[in-house]
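What follows is the residue order along each chain.
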Amino acid sequence: MRYVDSHCHITFDRLYGRIDEILDNCQHSNVSELLIICCQREEFDRAKQLQLQYPFIRIAYGFYPCDTYDLQEQDYQDLEKLCQSGDLDAIGEIGLDYHYDDTDKEIQKAALIRQIDLANTYQLPISIHMRDATYDCMQILKQYAKTPFIMHCFSGSVETAWEAVRMGGYISFAGPLTFKNARSLPEVAKTIPADRILTETDCPYLTPVPHRGKENEPMYVSFTFQKLCELREADPEMLSEQIIQNYHRFLNVSK
Ligand SMILES: [Zn+2]
């Protein structure tokens, strides 16, 4: 059995301090695919360095919606250079997050559209963060996105999940699927097509049951995967292979 963590922040300071242990744990727990999501240039540089040693690492970089307010032209140019260089496997996480009082929706939307345009130009898939912004986010995806996208740590309704699926998107499940208050998530997990499913940790956040309270890391993705198998009454070997296939299709790689 092999596992996919399609969204982890192991180059955040909090996890990077024990990066060797974390990557060792991945290898011992059969986490064979990792997409590191970098929100800062320094995190990208760390990820690039790690990739030399661990070729199963892939890298996404993009401007997190709540970090878009102070972006300069230079920041976008740097991102574009990375897209051009072939060093990125995806752009993300990007999206809309209207949760906080100081939200500036217009700036967030403009940043999202601009980054989707980059993804289209350089044929890169995208990882989407959507919180309290379903309508605007789905509208923008519908209108602009031309490359595959992941709805990371999906927490929306069955209807929204299907809307994303019909647009060719992937639904990625994280620790909240294992929580008691998982709301509509079990229903989403049961009903969406197998070829649209991905798994992730979003570590260091959202540690799955039974490790809640501990710091999350990629090896715990297996608990979310197990919950998915239970809900779908799926054969674990088959679902594991399916998720790996989905992940490779999303990234447009053949291996
Ligand atoms: Zn994240």
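Up top you'll find the structure we're talking about.
Quick notes on the rules
- Residues numbered from 1 in each chain as written.
- Predicted model: local features only at pLDDT ≥ 70, side-chain atom pairs only at ≥ 80, totals over all residues.
- Helix = DSSP H or I, 4+ residues; strand = E, 2+ residues; numbered from the N terminus.
- Rg over C-alpha atoms; globule rule 2.2 N^0.38 Å.
- Buried ≥ 20, exposed ≤ 12 C-beta atoms within 10 Å, placed from the backbone.
- Contact = placed C-beta atoms within 7 Å.
- Core = buried A, V, L, I, M, F, W, Y, C linked by C-beta atoms within 7 Å.
- Expected span 1.5 Å × (residues − 1).
- Axes fitted to C-alpha atoms, helices over the stretch in contact; angles between N-to-C directions.
- Parallel < 35°, antiparallel > 145°, perpendicular 65-115°, else oblique.
- Left-handed = near helix turned anticlockwise from the far one by under 90°.
- Nonpolar A, V, L, I, M, F, W, Y, C, P; charged D, E, K, R; others polar.
- Right-handed = clockwise from strand over helix to strand, strands pointing away.
- Pairing = 2+ DSSP bridges.

## With respect to the overall build of the protein
- Counting its secondary structure elements, the protein contains 10 helices and eight strands.
- Scaling as 2.2 N^0.38, a compact globule of 255 residues should have a C-alpha radius of gyration of about 18 Å, and the protein matches this with 17 Å.
- Taking the principal axes of the C-alpha coordinates as reference, the protein spans close to 45 × 40 × 35 Å.
- Taken over 255 residues, the protein has a buried fraction of 45%.
- Taking as baseline every contact in the protein between residues at least 6 positions apart, the subset at least 24 positions apart corresponds to 71%.

## Description of the nonpolar core
- Of all hydrophobic cores here, the largest spans 70 residues; its most connected members are I36, A60, I91, I126 and I171.
- The dominant element in this core, judged by the number of residues it contributes, is strand β2 (residues 31-38), at six residues.

## Concerning helix α4 (residues 73-85)
- Here α4 spans 19 Å end to end across 13 residues, near enough to the 18 Å set by a 1.5 Å rise per residue.
- With its phi angle positive at about 85°, G86 sits one or two positions after the end of α4.

## A few points about the packing of helix α5 (residues 105-121) against helix α6 (residues 134-144)
- The geometry of α5 relative to α6 is characterised by a closest axis approach of 11 Å and an angle of 30° between their N-to-C directions. Between α5 and α6, the angle falls in the class roughly parallel. The way α5 lies across α6 gives a crossing that is right-handed. Contacts between α5 and α6 involve K109, L112, I113, I116 and D117 on the former and, on the latter, D136, I140 and Y144.
- Each residue belonging to the contact of α5 with α6 can be placed in one class, and the counts come to five nonpolar, no polar and three charged.

## What about the pairing of strand β5 (residues 126-131)?
- Most of β5 is tucked away: five of the six residues are buried.
- Taking the sense of rotation as the criterion, the β-α-β connection linking strand β4 (residues 90-97), α5 and β5 turns out right-handed.
- Bridge count between β5 and strand β6 (residues 149-151): three bridges; the pairing is parallel. If you follow I126 over to β6, its bridge partner there is F149.

## A few points about the pairing of strand β3 (residues 57-61)
- Judged by how many residues are buried, β3 sits mostly within the fold: four of five residues are covered.
- The pairing of β2 with β3 spans five bridges and is classified as parallel. Bridge pairing in β3 links I37 to A60.
- After leaving β2, the chain enters helix α3 (residues 41-53) and then returns to the sheet as β3, a path that is right-handed.
- For β3 and β4, the ladder comprises two bridges, and the chain directions are parallel.

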